[in-house]
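Chain by chain, the residues:
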Amino acid sequence: VSGDVAAQSSTERKGASGQPLPRFVSLKADRVNLRTGPGTEYPTVWVYRRAGLPVEVVSEFEGWREVRDAEGTTGWIIQSLLSSRRTALVAPWDAEEGKSAAQIAVRLSDSESSRAVAIVEAGVIANVQTCDSRWCLISIDEFRGYIPQKQLWGVYQDEVVR
């Protein structure tokens, strides 16, 4: 066993790119095809129309990334349409079709007792600045504040984002 392999965490997998798997990325464009396999010869099963939407990379093959979205749909996207910019969906599990979306407070500081600087609807895309495994500093349009990490899809439960 080489020293590099022995030093690597047993829980962290790396893809062909050298990046960890799984990991979150976001869509670069507002029209991104999700395919059944890693190549343009594979059929498109879905077209995403939301630049900045977070997706989770679960596998890699050459210039293609197998991703999973917040609803659990998986497929392949060409790497050039993905960005390492971190974004997250605010409580997407509370944004149901045909129902009014849940309202989530974005707070001035990382405390439930801190005043709200904005109230956002479940399902909105937030830019992730930092996370400490409990709270994330996010921005949405001109608003900037804190939201509990467990209310975001696009960061892992205990992940620290710097």
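Residues numbered from 1 in each chain as written. Predicted model: local features only at pLDDT ≥ 70, side-chain atom pairs only at ≥ 80, totals over all residues. Heavy atoms only, no water.

*Asks:* Hey, could you run me through unusual backbone geometry in this one?
*Replies:* With the exception of glycine, most residues fall at negative phi, and the peptide bonds are largely trans. In the segment running from Leu21 into Pro22, the intervening peptide bond is cis, with an omega of -10°. Inspection of the secondary structure puts Pro22 in the loop between β2 (20-21) and β3 (23-27). In this model, Ala91 sits at a positive phi of 35°, which is unusual for a non-glycine residue. One can find Ala91 in the loop between β10 (87-90) and β11 (103-107). The residue Asp141 is not glycine, and still its phi comes out positive at about 55°. Assignment of secondary structure puts Asp141 in the loop between β14 (135-140) and β15 (143-148). (Helix = DSSP H or I, 4+ residues; strand = E, 2+ residues; numbered from the N terminus.)

*Asks:* Please explain the state of the cysteines as it appears in this structure.
*Replies:* What makes a disulfide is a covalent bond joining the sulfur atoms belonging to two cysteines. Taken as a whole and judged by the stated rule, the model has one disulfide. Each disulfide pairs two cysteine sulfurs, and for Cys131 the partner residue is Cys136, the sulfurs being separated by 2.0 Å. Looking along the S-S bond of the Cys131-Cys136 disulfide, the torsion reads about 110°, which is the right-handed sense. Per residue, the accessibility class of Cys131 equals that of Cys136, and both read buried. (Disulfide = S-S within 2.5 Å. Buried < 20%, exposed > 50% of the residue type's maximum accessible area, 1.4 Å probe, protein only.)

*Asks:* Explanation requested: the side chain of Glu60 in the structure shown.
*Replies:* Among the secondary structure elements, Glu60 is positioned in strand β6 (residues 54-61). Residue class for Glu60 comes out buried when judged on its relative accessible area of 12%. A polar contact is formed between the side chain of Glu60 and the backbone nitrogen of Ala16, at a distance of 2.8 Å. Within the structure, the side chain of Glu60 is placed 2.7 Å from the backbone nitrogen of Ser17, a separation counted as a polar contact. If near-sequence neighbours (up to four positions away) are discounted, Glu60 is found in contact with Gly15, Ala16, Ser17, Gln19, Leu21, Arg23, Arg65 and Trp76. (Polar contact = N/O pair within 3.5 Å; in protein donor to acceptor, adjacent residues only side chain to side chain. Contact = heavy atoms within 4.5 Å.)

*Asks:* When you look at the packing of aromatic side chains in this model, what are you seeing that I'm missing?
*Replies:* By convention here, two paired aromatic rings are described through the distance between centres and the angle between planes. Inspection of the entire model under this criterion finds two aromatic pairs. With a centroid separation of 5.0 Å and an interplanar angle of 80°, the aromatic rings of Phe24 and Trp153 are classed as edge-to-face. In this pair, Phe24 sits in strand β3 while Trp153 sits in strand β16 (residues 152-153), placing the two residues 129 residues apart along the sequence. Of the two residues, Phe24 and Trp153, neither departs from the other in class, the shared state being buried. Taking the centre distance of 4.5 Å and the plane angle of 40° together, the rings of Phe24 and Tyr156 count as tilted. With Phe24 in strand β3 and Tyr156 in the loop between β16 and β17 (160-161), this residue pair connects regions lying 132 residues apart in the sequence. Among the residues examined, Phe24 registers a relative accessible area of 8% and is labelled buried. Given the relative accessible area of 27%, Tyr156 is considered partly exposed. In textbook terms, an aromatic cluster arises when at least three aromatic residues are bridged by ring pairs, as seen for Phe24, Trp153 and Tyr156. (Phe/Tyr/Trp six-rings, centres within 6.5 Å; stacked < 30°, edge-to-face > 60°.)

None of this, on its own, says anything about what the molecule does.
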